Amino acid sequence: MWMRMRVGIYVQVPFCQTRCTYCNFHTGVVSSSRFAPYVEAICKEIRNHRELYTANRVTLPATFTDAVVDSVYIGGGTPSLLDAEHLQRVIDAIRENFATDLMEVTLEADPETVEERKAAAWVRAGINRVSFGVQSFSDRELAAAGRMHRRADVYRAVPILRDAGMANISFDLIAGLPHQTMESWRHSLDELATLAPEHVSVYLLEVDEGSRLGAEVLRGGTRYSAAELPSDDEMAEFYEMACAFLQFAGYHHYEISNWGKPGLESRHNLKYWRREPYLGFGAGAHSFSGTERWANAHDPAAYVDVVQRGGLPVEQHEVLTIAAALEEELFLGLRQLDGIDLGRIEREYGVTLAGRFEPLASAGLVERTGSVVRLAPTKLSVSNEVFVELLG
Ligand code: SF4
């Protein structure tokens, strides 16, 4: 049976209430008076996307003509800071300008921003999944990281969302925050299990020199609890503990950093790892057509200005070579616990890859079953080293 192409839409809202110490994202703390013009610009970009792509020499494949949008992800930043009416306008603009079958509409939210009136309006707007930046259930760790919320905010917010009818909630946790210990990490996992989210993401803290925490680590200082960071070995142990704990709690580990209750894996995020198409709107948003990648300008003020003047927000545009696409297949494929079907890759790209994986298999870094190759279960916590071996 002929299937219409399924496409995801990502909407970037680069505003936050404060700046977390470890953050290196292109986000900023701005007056709420900036929200409405920003939302207007996104709606305009959505309405005019085809003309804007043509002007930027982005070529959408013919299959996009009758593509169906089945997932929307509103991320940031902290998009739950926006008025619910703003979010409704964005989702309405998507519905009015694309064929839609919105199976999954995710809003990233920080726990302290959740209110009853907002939660009810989110559900009315069509949002059916909330991704919470919980990060930790330890107030000491949250305070050191510069987070706005505390443990009690999570316990307050989840029942509000459930009462509003939000059936799909995801929690983000960060392994490696300053002051984190094996005991406090285990405690965060226990508290997560008490609240029983449908989905969990566990990220290993990357201390980037572009963050305040990273700069402090580089200069050997103690601000932001920089001297209290767990070691790499401890972080790997936190990750291993999360793998065992979440498996026991009934979550399906489907991507290095992601677990879902069976059938509730993130439909939208799977598109990134499976190299399925998605369109991004807003400052700094990235898009992928299957053969081309492009990204908008990062600065929100510049983005609003250029869109309102009818200009072109796209700042980077790349037509992927076969070699670049193949590298992506390997890198993104290995991130998924199902692994890579080398037979499919060899058919689609006309290459033979078995030899490339042999040294990794001999070193115990990957496992092979028939034509499928996947990361060895004991090497998930050091996946970056495996990727360097494979692609380096
Ligand atoms: S909430 Fe997220 S995007 Fe905002 S400052 Fe913190 S880490 Fe950065």
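Report on the accompanying structure.

### A few points about the overall build of the protein
Argument step 1. Broken down by element type, the protein carries 15 helices and 15 strands.
Argument step 2. In terms of overall size, the protein behaves like a compact globule, its C-alpha atoms giving a radius of gyration of 21 Å where 392 residues would be expected to give roughly 21 Å.
Argument step 3. Seen along its three principal axes, the alpha-carbon backbone of the protein occupies a region of about 55 × 50 × 45 Å.
Argument step 4. Here the protein, with 392 residues, has 54% of them falling under the buried criterion.
Argument step 5. Within the protein, contacts between residues separated by at least 24 positions form 70% of all contacts whose residues are at least 6 apart in sequence.
Argument step 6. In the form shown here, the protein has an accessible surface area of approximately 17,300 Å², with 51% of it arising from carbon and sulfur atoms.
Argument step 7. Within the protein, the 54 negative side-chain charges are centred at a point lying 4 Å from the centre of the 38 positive side-chain charges.

### What to know about the environment of A227
Argument step 1. Note that A227 resides in the loop between α8 (212-218) and α9 (232-248).
Argument step 2. In this structure, the C-alpha to C-alpha distance between A227 and E348, residues 121 residues apart in sequence, is 49 Å.
Argument step 3. If we ignore the near neighbours within four places in the chain, the residues touching A227 are G221 and T222.

### Some points on the environment of L270
Argument step 1. Here L270 is to be found in helix α10 (residues 267-274).
Argument step 2. Given a relative accessible area of 11%, L270 falls into the buried group.
Argument step 3. The spacing of L270 and Y254 is 16 residues in sequence and 9.3 Å in space, taken between C-alpha atoms.
Argument step 4. In contact with L270, other than residues within four places in its own chain, are Y254, E265 and Q336.

### Re the side chain of S170
Argument step 1. Mapping S170 onto the fold places it in strand β5 (residues 169-175).
Argument step 2. A residue is classified by how much of its surface remains accessible, and S170, at 1% relative accessible area, is buried.
Argument step 3. Beyond its immediate stretch of four places on either side in the chain, S170 contacts R129, V130, S131, F132, H199, V200 and S201.

### Observations regarding the side chain of T21
Argument step 1. Considering the arrangement of structural elements, one finds T21 in the loop between β1 (6-13) and α1 (35-47).
Argument step 2. Overall, the relative accessible area of 4% leaves T21 in the buried class.
Argument step 3. Setting aside its immediate chain neighbours within four residues, T21 contacts A144, A145, G146, S211, R212, L213 and Y224.

### Quick look at the nonpolar core
Argument step 1. By size, the foremost hydrophobic cluster in this structure holds 97 residues, and its most contacted members are W122, F132, F171 and F357.
Argument step 2. Within the second largest apolar cluster, nine residues are counted, among which are Y22, I174, L205 and L213.

### Notes on the packing of helix α12 (residues 322-335) against helix α13 (residues 342-349)
Argument step 1. Put simply, α12 and α13 touch, their axes get as near as 12 Å, and they point 170 degrees apart. Relative to α13, the element α12 lies roughly antiparallel. Across the interface between the two elements, I322, A325, L326 and E329 from α12 touch R344, I345, E348 and Y349 from α13.
Argument step 2. Here the contact of α12 with α13 is composed, by residue class, of five nonpolar, no polar and three charged.

### Describing the packing of helix α3 (residues 84-97) against helix α4 (residues 116-125)
Argument step 1. Where α3 meets α4, the closest approach of the two axes is 9 Å, and the angle between their N-to-C directions is 5 degrees. On the basis of the axis angle, α3 is roughly parallel to α4. On the side of α3, the interface is formed by A84, E85, L87, Q88, I91 and R95, while α4 contributes R117, K118, A121, W122, R124 and A125.

### A few points about unusual backbone geometry
Argument step 1. The peptide bond linking G76 to G77 adopts the cis configuration, its omega dihedral lying at 10 degrees.
Argument step 2. Positionally, G77 belongs in the loop between β2 (68-76) and α3.
Argument step 3. At A196, a position not held by glycine, the phi torsion is positive, near 50 degrees.
Argument step 4. Note on placement: A196 falls in the loop between α7 (182-195) and β6 (199-204).

### A few points about the packing of aromatic side chains
Argument step 1. One pass over the structure, following the stated rule, counts 15 aromatic pairs.
Argument step 2. Residues Y10 and Y73 carry aromatic rings whose centres are separated by 6.0 Å and whose planes lie at 15 degrees to one another, so their mutual orientation is stacked. You can see Y10 sitting in strand β1 and its partner Y73 sitting in strand β2, a full 63 residues away along the chain. For the pair formed by Y10 and Y73, the shared burial category is buried.
Argument step 3. Taken together through their ring pairs, the aromatic side chains of F15, F35, Y38 and Y303 make up a single cluster.
Argument step 4. Looking at K261, its charged tip hangs above the ring of Y251, at a distance of 4.4 Å from the centre.
Argument step 5. A cation sits over an aromatic face here: R293 above F288, 3.9 Å from the ring centre.

### Overview of the sheet that holds strand β13 (residues 340-341)
Argument step 1. Taken in spatial order, the three strands line up as β13-β15-β14 in an open sheet, and their pairing is antiparallel. Of all the strands in the sheet, just β13 and β14 (366-369) have a single pairing partner and so form its edges.

### Thoughts on the pattern of salt bridges
Argument step 1. Following the criterion strictly, the structure yields 20 salt bridges and no others.
Argument step 2. Residue R309 is joined to D305 by a salt bridge in which the shortest nitrogen-to-oxygen separation is 3.2 Å.
Argument step 3. Judged by its relative accessible area of 40%, D305 is partly exposed.
Argument step 4. Within this structure, R275, R293, E328, E329, R344 and E348 form a network of salt bridges that share partners.

### Quick notes on helix α11 (residues 300-308)
Quick reminder: α-helices carry 3.6 residues per turn. Residues three or four places apart thus point the same way.
Argument step 1. Looking only at α11, the buried set comprises P300, Y303, V304, V306 and V307.
Argument step 2. Buried residues in α11 make contact with α1 and β11 (292-296).
Argument step 3. Where α11 terminates, the next one or two residues include G310, which has phi positive at roughly 80 degrees.

Rules behind the numbers
Residues numbered from 1 in each chain as written. Predicted model: local features only at pLDDT ≥ 70, side-chain atom pairs only at ≥ 80, totals over all residues. Heavy atoms only, no water. Helix = DSSP H or I, 4+ residues; strand = E, 2+ residues; numbered from the N terminus. Rg over C-alpha atoms; globule rule 2.2 N^0.38 Å. Buried < 20%, exposed > 50% of the residue type's maximum accessible area, 1.4 Å probe, protein only. Contact = heavy atoms within 4.5 Å. Areas by Shrake-Rupley, 256 points an atom, 1.4 Å probe, with all protein chains shown as cover. Lys, Arg positive; Asp, Glu negative; His and termini not counted. Charge placed at Lys NZ, Arg CZ, Asp CG, Glu CD. Core = buried A, V, L, I, M, F, W, Y, C linked by side-chain atoms within 4.5 Å. Axes fitted to C-alpha atoms, helices over the stretch in contact; angles between N-to-C directions. Parallel < 35°, antiparallel > 145°, perpendicular 65-115°, else oblique. Nonpolar A, V, L, I, M, F, W, Y, C, P; charged D, E, K, R; others polar. Phe/Tyr/Trp six-rings, centres within 6.5 Å; stacked < 30°, edge-to-face > 60°. Lys NZ or Arg CZ within 6 Å of the ring centre and 35° of its normal. Pairing = 2+ DSSP bridges. Salt bridge = Lys/Arg side-chain N within 4 Å of Asp/Glu carboxyl O.

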